[in-house]
Amino acid sequence: MAAFLHVTLLLLLSHGSCVQVDGAPSDGSPTVTPAVGSGLDLTTTRSFVGNSSATEIPTAGFTTSKSTTKTTVDAKRQTEDGQKLETKDSKTEEEEEGPLELECPPLGLESLKVKDYQLRASSYKRRGLGPHRGRLNIQSGVEDGDIYDGAWCALHRDKKQWLEVDAQRLTRFTGVILQGRSSIWSWNVVHTFKVQFSNDTLLWKSSMNGSEEAIFEGNQDTETPVLALFHTPTVARYIRINPQSWYQNGTQGDICLRAEVLGCVLPDPSNVHEWQAEPSESKDKLDFRHHNYKEMRKLMKVVHEECPNITRIYSIGKSYKDLKLYVMEISDNPGKHKLGEPEFRYVAGMHGNEVLGRELLLNLMQYICQEYKRGNQRILRLVRDTRIHLLPSMNPDGYEMAFKKGSELAGWALGRYSYEGIDMNSNFADLNSGMWTAIELETDRSKLINHYFPIPEQYTSEDAFVASETRAVISWMQSIPFVLGANLHGGELVVTYPYDMTRDWAPREHTPTPDESFFRWLATAYASTNQVMSNPDRRPCHNKNFLRYNNIINGADWHNVPGSMNDFSYLHTN
């Protein structure tokens, strides 16, 4: 049977956001400072006054607006014979919205760049709700009460509670982003909050709104990130978020939040060499950054033009919004299958807002092209002996939705699904159930099939709830005899392998294939050579410590996913 490996990688978006900011009201009346979130007006009122403990930095009108770029696009159909890819689209000239731009980037609570020891709190209910869990978009486990809960929650319910971030250096703080608690069983959000700054943790000064302390608007639901920008950036080392009101739930409402802090770290005045140091960049000269759809298409065209003899760009279909699903083929004989030469595929971006896979595949095609031209023997052998297919974006519609909103403000779900709201991760035909039913009913084992399972007729009908992207990938699988493939996700750091679906629909249960030992070897080969994944000192990402499993796990033993690409590939194709 075919071996299809499912690779899940930690992903961190870094698209920014910006808002238009006006001055504080002149009447000095107490106000709650609005914050930027879903459905809120982007014109906000914020102001505060600096002090001896935290330095105010005046700016020349911190007023920013949505950036729009005019694009004229004109598309040419990409054909199977390797016709050149045009970088223009067949749309008329129009203004296109990009993500809002933040003055300073996130410090890294979400990305784990800010370490656990840099986070402190006034109190916390238990270890699983400690300050180290107060990170934007962190996900809780299925059960409340374990060590991997979904927020920082204070032990006490009063206005003296705070979450503190130590930037470790003087930092120009410009804003914070807040979220409620991630939990299946509990609903906890902070409605309003104050912010304080300090250089020594002894003397604290508040963000001000005219002559009064500024009170910022927080969350109304648990998942939508809400941005609060400071009118005048403040330089300090420490920042505290101090909740003022929260969902009460009678008398049982807890103070819980997840957060990200926006700030520009200032150069160390005692280290002159740091000022003179050149920005570090990849020694491979790869274009490692976020690429939207048009930028992705342009980069693929550049790679093809640099290595026309070993590359071919083709489309396997279109998304719901008519964006082509482009594939880069890399081979010494592009466009042709050679007998005995294995066909391999990487797929990324099934969830549109999990974007690291897209960048890894774009960098991979760049790297192979560059190293092939340099005569790297390992790359020469790969190109000569393998036909490689790279699909960097299976869900371009979802990516564009998340991109336009901006990373930290997009939330966990925006862009994850197709434009129609379909989760492609469970949108393939469920062939497992039919197989297991046949095994239970058939007494003659020799009559059982173990591959090329047919697709149920109801799944192939036009009315079936199947994404156009899913249909395109299935046709792709049927047209090319892939023998190995991997699917890159984001959010965790682990390699999973089939089956992804449990036999009796249990939430999780080890469900091996007949090729369990081979899959474990294959998964280990990847996990053990991924430097970040194999680092024994790395911090768990969300709610499971995969280091205990050597960073590999049977998919169904993690969580039940009926209709996954992996199980479908394994059972339907060879």
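Each remark here, short or long, concerns the structure printed above.
Here we summarise the structure given alongside this text. This structure is a prediction, so every number in the text was calculated from the model and none was measured.

Considering unusual backbone geometry
Turning to step 1, where the next piece is worked out: Following Pro498, the chain continues to Tyr499 via a peptide bond in cis, the omega torsion being 0°.
Turning to step 2, where the next piece is worked out: Its location among the elements puts Tyr499 in the loop between β23 (494-497) and α10 (516-529).
Turning to step 3, where the next piece is worked out: For Asp322, which is not glycine, the phi dihedral falls at a positive 70°.
Turning to step 4, where the next piece is worked out: Considering the arrangement of structural elements, one finds Asp322 in the loop between β18 (311-318) and β19 (324-330).
Turning to step 5, where the next piece is worked out: For Asp322, a relative accessible area of 54% gives the class exposed.
Turning to step 6, where the next piece is worked out: The phi torsion at Trp505 lies on the positive side, around 60°, for a residue other than glycine.
Turning to step 7, where the next piece is worked out: Within the secondary structure layout, Trp505 lies in the loop between β23 and α10.

Some remarks on the packing of aromatic side chains
Turning to step 1, where the next piece is worked out: Here the structure, examined in full by the defined rule, presents 18 aromatic pairs.
Turning to step 2, where the next piece is worked out: Through pairs of rings, three or more aromatic residues link up here, namely Trp436, Tyr497, Tyr499, Phe518, Phe519, Trp521 and Tyr570.
Turning to step 3, where the next piece is worked out: For Arg240, the ring lying beneath its charged end belongs to Trp162, and the centroid distance is 3.6 Å.
Turning to step 4, where the next piece is worked out: Lying over the aromatic face of Tyr399, Arg358 brings its terminal NZ or CZ to 3.7 Å of the ring centre.

Topic: the pairing of strand β22 (residues 482-490)
Turning to step 1, where the next piece is worked out: Burial analysis of β22 places 7 of its 9 residues in the buried class, which makes it a mostly covered element.
Turning to step 2, where the next piece is worked out: Direction of pairing for strand β20 (residues 343-348) relative to β22: parallel, over a ladder of 6 bridges. Directly across from Phe344, in β22, lies its bridge partner Leu484.

Focus: empty space enclosed by the protein
Turning to step 1, where the next piece is worked out: Inspection of every chain in the model, using the stated rule, returns 2 cavities of 30 Å³ or more.
Turning to step 2, where the next piece is worked out: Here the second largest cavity is characterised by a volume of approximately 30 Å³.
Turning to step 3, where the next piece is worked out: Taken together, Gly349, Gly352, Glu354, Val355, Arg358, Ser393, Asn395 and Tyr399 form the lining of the second largest cavity.
Turning to step 4, where the next piece is worked out: Counted by class, the lining of the second largest cavity contains 2 nonpolar, 4 polar and 2 charged residues.

Section: the nonpolar core
Turning to step 1, where the next piece is worked out: Core analysis: the largest hydrophobic core is formed by 43 residues, its most contacted members being Ile316, Leu391, Met394, Phe428, Val473 and Trp476.
Turning to step 2, where the next piece is worked out: Secondary structure elements with two or more residues in this core: β18, β19, α7 (432-441), α9 (468-479), β23, α10 and α12 (565-572).
Turning to step 3, where the next piece is worked out: Ranked by residues supplied to this core, first place goes to α9 with 5 residues.
Turning to step 4, where the next piece is worked out: One finds Val114, Leu163, Ala228 and Leu257 within the second-largest nonpolar core, a separate group that totals 29 residues.

Some points on the state of the cysteines
Turning to step 1, where the next piece is worked out: Enumeration over the complete set of coordinates arrives at 3 disulfides.
Turning to step 2, where the next piece is worked out: With a sulfur-sulfur separation of 1.9 Å, Cys153 is cross-linked through a disulfide to Cys256. A torsion of 115° about the S-S bond marks the disulfide between Cys153 and Cys256 as right-handed. Here Cys256 lies in strand β17 (residues 256-265) and Cys153 lies in strand β9 (residues 152-153), a separation of 103 residues in the sequence. Taken individually, Cys153 and Cys256 each receive the classification buried, so the pair is uniform in this respect.

Quick notes on the pattern of salt bridges
Turning to step 1, where the next piece is worked out: Under the definition given, this model contains 24 salt bridges.
Turning to step 2, where the next piece is worked out: A salt bridge links Asp254 to Lys125; the shortest N-O distance between them is 2.9 Å. With Asp254 in the loop between β16 (226-246) and β17 and Lys125 in the loop between β8 (119-121) and β9, this pair connects stretches of sequence that are 129 residues apart.
Turning to step 3, where the next piece is worked out: A relative accessible area of 6% means that Asp254 is categorised as buried.
Turning to step 4, where the next piece is worked out: Where Asp149 meets Arg181, a salt bridge forms, and the shortest distance between an N and an O atom there is 3.3 Å. With Asp149 in the loop between β8 and β9 and Arg181 in the loop between β10 (163-179) and β11 (190-198), the pair connects residues that are 32 residues apart, well separated along the chain. By the burial criterion, Asp149 is buried, and Arg181 matches it.
Turning to step 5, where the next piece is worked out: Residues participating in the shared-partner salt-bridge network are Arg312, Glu329, Glu343 and Arg387.

Considering helix α5 (residues 396-405)
Turning to step 1, where the next piece is worked out: With 7 of 10 residues buried, α5 is to be regarded as a mostly interior element.
Turning to step 2, where the next piece is worked out: If you check which residues of α5 are buried, you get Pro396, Asp397, Gly398, Tyr399, Glu400, Ala402 and Phe403.
Turning to step 3, where the next piece is worked out: Contacts made by the buried residues of α5 are with α2 (293-306), β19, α3 (356-374), α6 (407-410) and α9.
Turning to step 4, where the next piece is worked out: Of the residues trailing α5, Gly406 is marked for its positive phi of about 105°.

Definitions and cut-offs
- Residues numbered from 1 in each chain as written.
- Predicted model: local features only at pLDDT ≥ 70, side-chain atom pairs only at ≥ 80, totals over all residues.
- Heavy atoms only, no water.
- Helix = DSSP H or I, 4+ residues; strand = E, 2+ residues; numbered from the N terminus.
- Buried < 20%, exposed > 50% of the residue type's maximum accessible area, 1.4 Å probe, protein only.
- Phe/Tyr/Trp six-rings, centres within 6.5 Å; stacked < 30°, edge-to-face > 60°.
- Lys NZ or Arg CZ within 6 Å of the ring centre and 35° of its normal.
- Pairing = 2+ DSSP bridges.
- 1 Å grid on protein atoms, 1.4 Å probe; cavity = no way out; pocket = protein on both sides within 12 Å on 5 of 7 lines; lining within 4 Å.
- Points joined across faces, edges and corners; volume = space filled by probe spheres on them.
- Nonpolar A, V, L, I, M, F, W, Y, C, P; charged D, E, K, R; others polar.
- Core = buried A, V, L, I, M, F, W, Y, C linked by side-chain atoms within 4.5 Å.
- Disulfide = S-S within 2.5 Å.
- Salt bridge = Lys/Arg side-chain N within 4 Å of Asp/Glu carboxyl O.
- Contact = heavy atoms within 4.5 Å.

By themselves, these are just geometric observations and shouldn't be taken as functional.
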